[in-house]
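What follows is each chain in one-letter form.
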Amino acid sequence: NGLASGVEVALIKDRRDDRSDPKKGYYLEVSTEYTGLGGEKKWLRNQAEARGYYPVWGDLIFRSRYVIGRLNEIDDRKIPRTELYSLGGERNLRGYDYEGVGPKYTRVVNGVSETFNTGGRFQTFTNLEFQHPLSREAGLKWVLFFDAGHAGDLKDVKIYSNYGFGFRWFSPIGVLRFEFGYPITKGSKNEGSQFHFDIGQLF
């Protein structure tokens, strides 16, 4: 608990043909966040993201995204758990449960083992997709995807990867995403196929 106050600066270059459903172009962003302008909390976050969209054949679009980020402590002050990195879920590694990828801590309470994702100070991940219309009149599209990434630190890097498929409905309230992910790398929380539902484009 405590008060955090900070400032963030970002440089963005956007050359997408359509922000809501791009079919070609790219997007680049580099940002730096400093927290410590008053309050008890202090940290420095540097992050970069790159997205690319490439027409393959007809309406078949190849979409790619790469994200890398690093957190640094300032004055040996611990970074809040809510700011640390973890992966898994509908927004990054779709073959794993929410926060299924990252450094783990296990404790035993009354004979019951409980495992928690403690979060890390470094993350890197990529999303690769093929997207094509299923029904233009209904605003439906299908997608095949592959994701890979790591969350934790730079001393013990382990890349988790997954593949899957999904459907997207460009509805009046926004893009509805229904996706099924299957893990490739073992050793994560809640291994097995995952179903994710989300509103809005992934990238």
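Residues numbered from 1 in each chain as written. Predicted model: local features only at pLDDT ≥ 70, side-chain atom pairs only at ≥ 80, totals over all residues. Heavy atoms only, no water.

Novice: Can you walk me through the nonpolar core in this structure?
Specialist: General note: in soluble globular proteins, nonpolar side chains tend to be found buried as a group. If you look at the biggest cluster of nonpolar residues, it comprises eight residues: Val67, Leu87, Leu93, Tyr96, Val101, Phe125, Ala151 and Tyr160. If sequence neighbours within four positions are ignored, Val67 has contacts with Gln47, Ala48, Glu49, Gln123, Thr124 and Phe125. One finds Trp43, Leu71, Ile79 and Leu84 within the second-largest nonpolar core, a separate group that totals five residues. (Core = buried A, V, L, I, M, F, W, Y, C linked by side-chain atoms within 4.5 Å. Buried < 20%, exposed > 50% of the residue type's maximum accessible area, 1.4 Å probe, protein only. Contact = heavy atoms within 4.5 Å.)

Novice: Got a minute to help me understand a nonpolar patch on the surface in this structure?
Specialist: A cluster of nonpolar side chains, namely Val56, Trp57, Phe130, Leu134, Leu144, Phe165 and Phe167, defines an oily patch on the protein surface of about 710 Å² accessible area. Only β3 (43–57), β7 (122–135) and β9 (160–171) provide two or more residues apiece to the nonpolar patch. Examined against the element boundaries, Leu144 turns out to sit in strand β8 (residues 140–152). (Patch = residues over 30% accessible without salt bridge, like charges linked within 9 Å, V, L, I, M, F, W, Y side chains within 5 Å. Areas by Shrake-Rupley, 256 points an atom, 1.4 Å probe, with all protein chains shown as cover. Salt bridge = Lys/Arg side-chain N within 4 Å of Asp/Glu carboxyl O. Helix = DSSP H or I, 4+ residues; strand = E, 2+ residues; numbered from the N terminus.)

Novice: Got a minute to help me understand the side chain of Thr185 in this structure?
Specialist: Structurally, the position occupied by Thr185 is in the loop between β10 (174–183) and β11 (194–199). A polar contact is formed between the side chain of Thr185 and the backbone oxygen of Ile159, at a distance of 3.4 Å. If near-sequence neighbours (up to four positions away) are discounted, Thr185 is found in contact with Tyr96, Lys158, Ile159, Tyr160 and Ser161. (Polar contact = N/O pair within 3.5 Å; in protein donor to acceptor, adjacent residues only side chain to side chain.)

By themselves, these observations are geometric and do not establish any function.
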